[in-house]
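Next come the chains, spelled out residue by residue.
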Amino acid sequence: MNSKRESRVRLGFTIVCSFLVLHCSDQKPSPSPILGLVNTGTTDSSQSDLVSSSGVSRAIAPSLGSSPYLVGAGIYDITGPAAEVGMMGFAESAQKTEGIYMRLWSRAYIIGDSSKRVVFVSADLGMIFQSIKQAVSKKIALDSELSPYYNEANVLLSATHTHSGPGGYSHYFLYNATTAGFIKENYDVIVDGIYRSIKLAHQNLVPGNVYINQGNLTDASKNRSPVAYDKNPISERNYYASNVDQTMTLLKLVSADGRELGMVNWFAVHPTNVGPTNKLIGGDNKGLASYLFEKSKGANYSSNQTFVAAFAQSNAGDVTPNLWGPADGVNDYARQNIIAEKQFNKAQSLYTSANTPVTGPVDFRHTYVNFSNLYISSIGTTTCPAGMGASFSAGSVEDNAVSVDFFDEGTTVDSLDWNTNTADAFKASFLGGFLGVLWPTSVSEAYKLCHAEKPVLIPTGVASFDGNPWTPPVIPMQIIKIGNLAILAIPAEVSTMAGRRLRSLVKNVLENDYTVIAGLSNSYTSYLTTREEYSSQQYEGASTQFGPNTLLGYEQEFGKLASAMRNGASSPAGPTPPDLTNYQATFQTGVVFDDVPLFKSFGNVVTQPAASYSSGATVNVVFWGAHPKNNMLIGSSFVDVEKQNGSSWTVVARDYDPSTTYKWQRDGIAYSKINVSWKTSSFPSGTYRIRHRGHWKSGWTGAISAYQGVTNQFTVQ
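Just so we're clear, the structure is a prediction, and the values are computed from it rather than from any experiment.

A.B. asks: Which parts of the structure should I look at to understand the overall build of the protein chain?
C.D. replies: Each helix and strand counted, the protein chain has 14 helices and 36 strands in total. Taken against the 2.2 N^0.38 rule, which gives 27 Å for 717 residues, the C-alpha radius of gyration of the protein chain at 25 Å falls within 12% of a compact globule. With the C-alpha coordinates aligned to their principal axes, the bounding extent of the protein chain is approximately 75 × 70 × 50 Å. Across the 717 residues in the protein chain, those meeting the buried criterion constitute 61%.

A.B. asks: Could you clarify how one ought to interpret the sheet that holds strand E32 (residues 660-667) in this entry?
C.D. replies: Strand-to-strand pairing in sheets goes through backbone hydrogen bonds, with the strands running parallel or antiparallel. Read from one edge of the open sheet, 5 strands run E5-E32-E33-E29-E27, paired in antiparallel fashion. Since the sheet does not close on itself, it has two edges, and those belong to strand E5 (99-100) and strand E27 (605-607), each with one partner. Note that strand E29 (residues 618-625) and strand E33 (residues 671-679) share 8 bridges and pair antiparallel. Residue pairing in the sheet places Val621 in a bridge with Val676 of E33.

A.B. asks: What's the story with the environment of Asp657 in this structure? I'm lost.
C.D. replies: Assignment of secondary structure puts Asp657 in the loop between strand E31 (648-654) and E32. Classification of Asp657 by relative accessible area gives buried; the value is 6%. Linking Asp657 and Tyr291, residues 366 residues apart in sequence, is a C-alpha distance of 8.2 Å. Contact partners of Asp657, with chain neighbours within four places excluded, come to Tyr101, Tyr291 and Lys295.

A.B. asks: Please explain helix H8 (residues 332-352) as it appears in this structure.
C.D. replies: Turn by turn, an α-helix covers 3.6 residues, leaving residues three or four places apart pointing in a common direction. Its 21 residues place the ends of H8 30 Å apart at the C-alpha level, agreeing with the 30 Å of an ideal helix rising 1.5 Å per residue. Every buried residue belonging to H8 is among Asp332, Arg335, Gln336, Asn337, Ile339, Ala340, Glu341, Gln343, Phe344, Ala347, Leu350 and Tyr351, and all of these are buried. Buried residues belonging to H8 abut strand E10 (206-216), strand E12 (247-255), strand E13 (260-266), helix H7 (284-296) and strand E14 (308-312).

A.B. asks: Sorry, what's going on with the sheet that holds strand E22 (residues 474-482) here?
C.D. replies: Read across the open sheet, the 4 strands follow the order E17-E22-E23-E25; overall the sheet is mixed. Looking at which strands have only one partner, the edges of the open sheet turn out to be strand E17 (362-370) and strand E25 (514-518). Ignoring which end each strand starts from, the neighbouring axes of this sheet average 15° apart. The pairing of E17 with E22 spans 9 bridges and is classified as antiparallel.

A.B. asks: Would you mind showing me how to read the confidence of the model for the protein chain here?
C.D. replies: In low-pLDDT regions, the fine details of the predicted coordinates are not to be read closely. Here the protein chain shows a mean pLDDT of 91. Residues at 70 or above account for 91%. Note on residues 1-59: pLDDT under 50 across the span, and 180 contacts to partners over four residues away in sequence or across chains.

A.B. asks: Explain the state of the cysteines here, please?
C.D. replies: Under the definition given, this model contains 1 disulfide. Across the disulfide, Cys384 is cross-linked to Cys450 (sulfur-sulfur distance 2.1 Å). Between Cys384 and Cys450 the disulfide shows an S-S torsion of about -95°. By sign, it is left-handed. Placement of the pair is Cys384 in the loop between strand E19 (381-382) and strand E20 (388-389) and Cys450 in helix H10 (residues 445-450), with a sequence separation of 66 residues. Its relative accessible area of 1% is what places Cys384 among the buried residues.

A.B. asks: Is there a simple way to explain the packing of H7 against H8 in this structure?
C.D. replies: Two quantities define a packed helix pair, namely the angle between the axes and the distance from one axis to the other. Packing of H7 against H8 leaves a shortest axis separation of 8 Å and a crossing angle of 45°. Here H8 runs oblique to H7, going by the angle between their axes. Along this stretch, H7 crosses H8, giving a crossing that reads as right-handed. Side by side, H7 and H8 meet where Asp284, Asn285, Lys286, Leu288, Ala289, Leu292, Phe293 and Ser296 of the first sit next to Gln336, Asn337, Ile339, Ala340, Glu341, Gln343, Phe344, Ala347, Gln348 and Tyr351 of the second.

A.B. asks: Where do I start with a nonpolar patch on the surface in this structure?
C.D. replies: On the surface, a cluster of nonpolar side chains totalling about 240 Å² of accessible area is made up of Leu323, Trp324 and Ile338. Judged by relative accessible area, Leu323 falls into the partly exposed class, the value being 31%.

A.B. asks: So what exactly am I meant to see when it comes to unusual backbone geometry here?
C.D. replies: Peptide bonds are trans in most cases, and residues, glycine excluded, mostly fall at negative phi. Positive phi is not limited to glycine here, since Leu520 has a value of about 50°. Taking relative accessible area as the criterion, Leu520 reaches 2% and is therefore assigned buried. One non-glycine residue, Leu633, lies in positive phi territory at about 50°. Checked against the element boundaries, Leu633 lands in the loop between E29 and strand E30 (639-645).

About the cut-offs
- Residues numbered from 1 in each chain as written.
- Predicted model: local features only at pLDDT ≥ 70, side-chain atom pairs only at ≥ 80, totals over all residues.
- Heavy atoms only, no water.
- Helix = DSSP H or I, 4+ residues; strand = E, 2+ residues; numbered from the N terminus.
- Rg over C-alpha atoms; globule rule 2.2 N^0.38 Å.
- Buried < 20%, exposed > 50% of the residue type's maximum accessible area, 1.4 Å probe, protein only.
- Pairing = 2+ DSSP bridges.
- Contact = heavy atoms within 4.5 Å.
- Expected span 1.5 Å × (residues − 1).
- Axes fitted to C-alpha atoms, helices over the stretch in contact; angles between N-to-C directions.
- pLDDT = per-residue confidence, 0-100.
- Disulfide = S-S within 2.5 Å.
- Parallel < 35°, antiparallel > 145°, perpendicular 65-115°, else oblique.
- Left-handed = near helix turned anticlockwise from the far one by under 90°.
- Patch = residues over 30% accessible without salt bridge, like charges linked within 9 Å, V, L, I, M, F, W, Y side chains within 5 Å.
- Areas by Shrake-Rupley, 256 points an atom, 1.4 Å probe, with all protein chains shown as cover.
- Salt bridge = Lys/Arg side-chain N within 4 Å of Asp/Glu carboxyl O.

Right under this line is the structure:
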């Protein structure tokens, strides 16, 4: 990046951070398994061999024998910097990583028939940004083993939407504003990990079967925006039993020889039990549910071939797991455990009884659409250049409250009345006028009228420091079809009713048995609500970037994709979104050097464990360590709990296990203390010790060197 452009970006960061409160996402039976340790027409078969939107010819697959599908699963570590990186989700600039509660994973599944294959990835991330999909697609294209079979058209990347992971991996300004810019270390780990999980799934492909099951989970979620939901027509609301989707749809993958390979399910609930005061990396309720399921199947995270269980995201835009009210920073993990266990138990029940085979061919369609000015033929008007409304700054107050309440939810153009709401009217007028000086289009009548009830606070579609908007205008639309199951990839957080409408539309076109929404997929454009919900301008409506007709635009474009799929026709590639790699800036310093006190060494123990503990107690120890940014230990662990077995020691827990906690703490200028805790409740009596490993950076040479430290042994009885 040249110095002139960088100075403009720095100025932009200063201006925006001074005047705006940015909220990129939400502010919104047996003993416990946690203690024990997931337009239509007829098909034209003459065109089914090649699909122009895929860029991939019909692949020559290995012999299926008598099996209908090739199936494979893979998992890989995507845990980014565990210290001093802003976390993605609540957009609280003070929420920076300080350790690991559980590692983050990319879980990949490949399913193919004799002609085509599709890839579904569920990643423990806040969002899948366009930057990630672009980079993963490039790595696949450069891999001679993968490129004959996969590209952006048949690869679907979806985020679970955990709010407990490091951020800074978007290429668009809005989503990096609270992380002090682009964090390349995190971006590289995510891209490489997703790519490697796909490669493992590919290498693990075997003939097999896919089974499907559905069931209702009624006590793990609630609607956090009922005011908006109730704006939908009463006849439509009465058609459904609840104001949230309570159906879990589950796939079970089994090899031809009966080996269980993996499970993936879709259930709509936010992973926001762990709130904005948290600073430990983790997957929240969905990440923990995956862990519980995988451990119940004997998963080995060090193996290239192991059971993989994904709890994928669906239309959870207005769905909270916080049945007790907003996260309070005290009971967050206990409540996370409850919601995780509910999802795990339901998935386990569905998995055990899954005996309905998925049948039919594998197919996919993909296109890019410019939503900044999309003409919608059904109403004769267009969508709008993106903009975030005033209520965006409020966050979802029913879920997790924001630190600064700039505007209230429900702020509309009409509510900003100088006579009855002078303070808000002044703030909106002042900010609008200020931004209008920088970007005159943002105060044009056409722009304001296009957004209807929304008073635009941040004109992300017209604001720019470097010629690029603050959020992506060109977004991907994708359907992948596995037999009689269709998966809709939505690059946004979809409200309950918006998801229902999209599912219904595609199901009617394809006449398939099952249709699911994969939210936060392939790119990210904040929220997607119905026109009626949008009118109330709650947090979700204010975050529906392309204006009141956004959902109609989605319906139009997904209708086209579904019709093309049904008719065996190709879909246009659409406009290619730009690669903004060379436009990134970061304002966060790296590790300068690490040090320890005089006469101390890296890995020395500051606080030793007691000699013995009763079962159920928590062991706490402290090491002299170094900054975890030096090496993120992908595929390894900062912490091992080891149990003595005769003359040898066996690792029984690592930093990805919820029984352990790894916390980094700065001490002075360059010292680091590593606080490790281990809950002993689910472990047998015996003799144990705790090992910490890491890497330190020399202030003299810049060299990075490994170190380890081990505590005294202790007993649990």
